[in-house]
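Residues per chain are reported as follows:
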Amino acid sequence: VTYNVAAKPSRRSKFALAAFIETNINSGTDGGLYAETIRNRAFQDNVNNAANTNNALGRGSLLHWTGTSKGTKLTLSLDNSLSAALPQSAIVTGQKTDSCGIANSGFEGFSVTKQPYKLAFYARSPTGKPTTVPVEVGLYSSDSSKTFAKQTLPLKLSGEWQKFETTLTPSQAASNNNNVFAIKTQGACNDGFQLNLVSLTPPTWQGTVARPDLAQALADIKPKYVRLPGGNDLEGNNIPSWFNWTNAVGDLKNRPGRTPTWTSDWNTEGLGLMELMNLTEKWGAQAVLGIYAGYSLDGKAVPQNQLGPYIQSALNQLHFLLDTTGRWADLRKSYGRAAPYKFQHVEIGNEDWLGAAVQTYGPYRWAAFRDAIAKEFPQLTLIASTLLNGVEGAKAVDNHFYATPSQLFAFAEGMDATSRAIPIWELEYAVINNGLTNDSDIYSGPGRLKHPTLIGALAEATFLAGAERNGDIFYSAAYAPLFQNEGTNLTQWTPDLLSFNAGQMVKSTSYYIQYAWGNYPIEQIHDTSLSTPTNSSHIYHSFGSDGQGHLVAKLINTNAGARDVKVQLGSGAKLSANGAKSWQMKGNDPQAANTLSNPQAVVPQSSSNELPPGAQLTGDGSLTVTLPAYSATVLNLALA
Ligand code: AHR
């Protein structure tokens with residue numbers, strides 16, 4: 001294929017990469033991005049959590065906790081609650097035993113490294129009488145044969161809850177994740193102790209509450225937007241379990257959490273509104289704030305005459321995040337954040353094209369939120385979650401696209417012909433099915449992927465190339481979902497961008513495409529004509545300039561063999577190899593996938609100050625490149 005690329009840009013690309021954080025899915029926040037390692041830390045989990053139809057408190061259990069000795073008795077108590085938000089606690093007692101205690105098995109174990117872990121918990125005397133209970137707190141192998149870290153604490157208990165804090169620094173790292181955390185008495189148990197909100201966190205990422213490997217991986221793709229906090233998790237399984245931001249801010253002991261939408265673990269909302277906003281800021285991105293729009297996953301909508309409190313809550317949330325002074329700003333300041341957050345985009349609802357949602361979104365829900373928010377926050381851009389059925393006045397729409405590779409190839413080809421009527425954000429997309437089977441349902445058919453594949457990632461690259469070369473109308477896109485805890489029963493949705501367990505993480509093929517688009521963005525679009533149409537070459541492209549005098553060429557070869565392409569610039573302009581940068585991902589097996597057990601099946605290469613192998617400049621300043629089979633190539637070359 002020969003590409004004739006205009007020497008000068010024709011228009012600005014507004015396209016910028018986004019990330020989509022949905023709390024709770026795949027134990028990707030509790031058990032993942034949120035660095036907390038204690039599972040069921042406030043005794044809220046229950047095997048029936050997902051069926052909790054009214055977000056009721058007090059349905060917890062001792063799931064993921066065990067006694068440390070045969071004589072230990074663990075009791076779930078609703079007496080003498082730590083707080084109204086966290087009513088359950090555990091009472092640890094033991095009769096005729098040398099020691100009693102309680103151990104937590106974490107999110108499928110604990111990764112133990114030689115770093116300081118912050119431990120905090122609340123305890124009281126179960127009888128209410130003052131007593132001193134010497135305890136040992138520590139990290140141990142699950143079979144108790146090894147102690148990695150331990151501390152003794154003389155717990156001076158009374159009838160009041162007290163917070164105890166210390167640091168555990170393992171003297172050696174563990175060779176696997178089969179480890180537990182425990183608190184056990186040193187000596188006789190007597191009246192034991194009552195415990196709640198047990199927290200153990202290794203060092204976190206850049207002063208946030210995030211697990212460093214996952215947060216850094218996200219930082220490295222350089223998203224410009226972060227959509228949060230969902231997705232289906234914004235909506236909740238039913239109206240009482242909607243994302244009520246007031247329960248997701250402030251002291252952890254006052255956060256009740258809520259019924260999980262995806263996992264069976266109670267959603268702690270420890271990675272709450274401000275924690276998500278702080279992370280977004282640290283990533284150098286701006287939030288696209290999802291606002292609950294009065295519709296939940298059981299298909300029920302809040303009736304029009306009862307929407308008022310939900311609209312008021314959305315307004316309060318925006319005042320809390322954006323105001324400089326006043327009641328809500330003061331509340332934010334009291335939680336340690338003086339400056340307002342900076343963001344421009346608010347999405348009202350999630351996927352309101354689906355099911356019964358469409359019957360109420362256009363008819364009344366959208367307009368009610370639109371008018372109230374626009375009145376108090378005229379500076380914000382309101383994104384609709386659909387344009388169907390009467391939606392008016394939206395400044396943008398969020399479309400979602402889960403597909404097979406061929407569906408995405410076809411879509412990418414059609415992107416040049418997209419209507420220019422309203423900016424499009426694609427804040428959820430991914431290849432989720434290999435397309436090799438005749439699945440009528442790509443979500444549940446046998447072709448559903450466990451992990452992103454090479455060909456899937458290349459299809460996503462064609463989609464991103466189509467979006468950025470049409471960046472006058474495609475403003476953003478976000479792969480979804482981001483995170484997957486690979487533990488047994490911890491994953492509900494595959495494939496995902498980053499898979500991990502308690503200690504290890506793997507970057508998928510799709511991750512690397514996000515990396516390339518985030519690190520080699522374009523600012524301006526260079527129109528291009530092709531000698532061979534894409535539907536016969538199966539080579540996809542985008543050409544733009546980066547605002548610093550460089551042409552950024554992205555070329556995706558989806559063929560099983562190598563292909564030569566030529567890039568010629570119009571009007572006598574030339575490309576120069578000086579300071580050239582490049583990035584390439586390729587492989588022979590289109591179904592290859594990176595997994596925790598095979599993390600380097602497909603790994604990209606990058607280079608600077610040289611052209612990649614197979615690329616050369618000719619005397620007239622044109623570029624010829626041999627694109628390897630199944631490859632994505634990014635070149636950044638000076639425009640002379
Ligand atoms: O990304 C997973 C889910 O897919 C989201 O929660 C939802 O918005 C979509 O249907």
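The structure this text deals with has already been given above.
Each value, and the rule that gives it
- Residues numbered from 1 in each chain as written.
- Predicted model: local features only at pLDDT ≥ 70, side-chain atom pairs only at ≥ 80, totals over all residues.
- Heavy atoms only, no water.
- Disulfide = S-S within 2.5 Å.
- Helix = DSSP H or I, 4+ residues; strand = E, 2+ residues; numbered from the N terminus.
- Buried < 20%, exposed > 50% of the residue type's maximum accessible area, 1.4 Å probe, protein only.
- Near = heavy atom within 4 Å.
- Polar contact = N/O pair within 3.5 Å; in protein donor to acceptor, adjacent residues only side chain to side chain.
- Areas by Shrake-Rupley, 256 points an atom, 1.4 Å probe, with all protein chains shown as cover.
- Nonpolar A, V, L, I, M, F, W, Y, C, P; charged D, E, K, R; others polar.
- Core = buried A, V, L, I, M, F, W, Y, C linked by side-chain atoms within 4.5 Å.
- Contact = heavy atoms within 4.5 Å.
- Pairing = 2+ DSSP bridges.
- Axes fitted to C-alpha atoms, helices over the stretch in contact; angles between N-to-C directions.

Undergrad: I'd like to hear about the state of the cysteines, residue by residue, with values.
TA: Under the counting rule described, the total for this entry stands at one disulfide. Here C100 is linked by a disulfide to C189, with a sulfur-sulfur distance of 2.0 Å. Between C100 and C189, the disulfide has an S-S torsion of 70° and is therefore right-handed. Taken together, the residues C100 in the loop between strand 6 (89-94) and strand 7 (101-104) and C189 in the loop between strand 12 (179-185) and strand 13 (193-201) connect sequence positions 89 residues apart. With respect to burial, C100 and C189 carry one shared label: buried.

Undergrad: How would you summarise the site of the ligand if you had to cite specific residues and measurements?
TA: Around the ligand, the neighbouring residues are E22, I25, G231, N232, W262, N350, E351, Y402, E428, A480, P481 and W493. Contacts to the ligand include N232, whose backbone N or O atom sits 2.9 Å from an oxygen atom. In this structure, E428 approaches the ligand through a side-chain N or O atom, which is 2.7 Å from an oxygen atom. In isolation the ligand has 280 Å² of accessible area, and contact with the protein removes 94% of it. Class assignment for the residues of the shell around the ligand results in six nonpolar, three polar and three charged.

Undergrad: Which residues make up unusual backbone geometry, and what are the values?
TA: The omega angle of the peptide bond from L228 to P229 is 5°, so this bond is cis rather than trans. Summarising the element assignment, P229 is placed in the loop between strand 14 (225-228) and helix 2 (232-235). Geometrically, the link from T494 to P495 is a cis peptide bond, its omega value of -5° lying close to zero. Not every positive phi belongs to a glycine, and K222 is a case in point at roughly 55°. Looking at the element boundaries, K222 is found in the loop between helix 1 (212-220) and strand 14. The residue Y630 is not glycine, and still its phi comes out positive at about 40°. Mapped onto the elements, Y630 comes out in the loop between strand 32 (623-627) and strand 33 (631-639). On the basis of relative accessible area, Y630 is assigned to the buried category, the value being 13%.

Undergrad: Residue-level account of the nonpolar core, with values.
TA: Grouped together as the largest cluster of nonpolar side chains are 132 residues, with contacts concentrated most on L33, W283, F343 and V346. For this core, the leading source of residues is helix 8 (residues 454-469), giving 10 residues. Contacts of F343, omitting those with residues within four sequence positions, involve M277, Q286, A287, L289, L318, L321, L322 and L380. If you look at the next biggest cluster of nonpolar residues, it comprises 32 residues, including F110, F121, L157 and F164.

Undergrad: Can you tell me about the sheet that holds strand 6, naming the residues and giving the values?
TA: Judged by pairing direction, the sheet is antiparallel, and its five strands sit side by side in the order 5-6-13-8-11 without closing on themselves. Sheet topology places strand 5 (72-77) and strand 11 (162-168) at the edges, where each strand pairs with a single neighbour. On average, each strand axis in the sheet is tilted by 30° relative to the strand beside it, whichever way the strands run. Sheet analysis places strand 8 (residues 117-124) next to strand 11, joined by seven bridges and oriented antiparallel. From the neighbouring strand, Y122 faces strand 11, where its bridge partner is K163.

Undergrad: Tell me about the side chain of S241, and please be specific about residues and values.
TA: Here S241 lies in the loop between helix 2 and helix 3 (273-282). Owing to a relative accessible area of 0%, S241 belongs among the buried residues under this scheme. In this structure the side chain of S241 is engaged in a polar contact, spanning 2.8 Å, whose partner is the side chain of N238.

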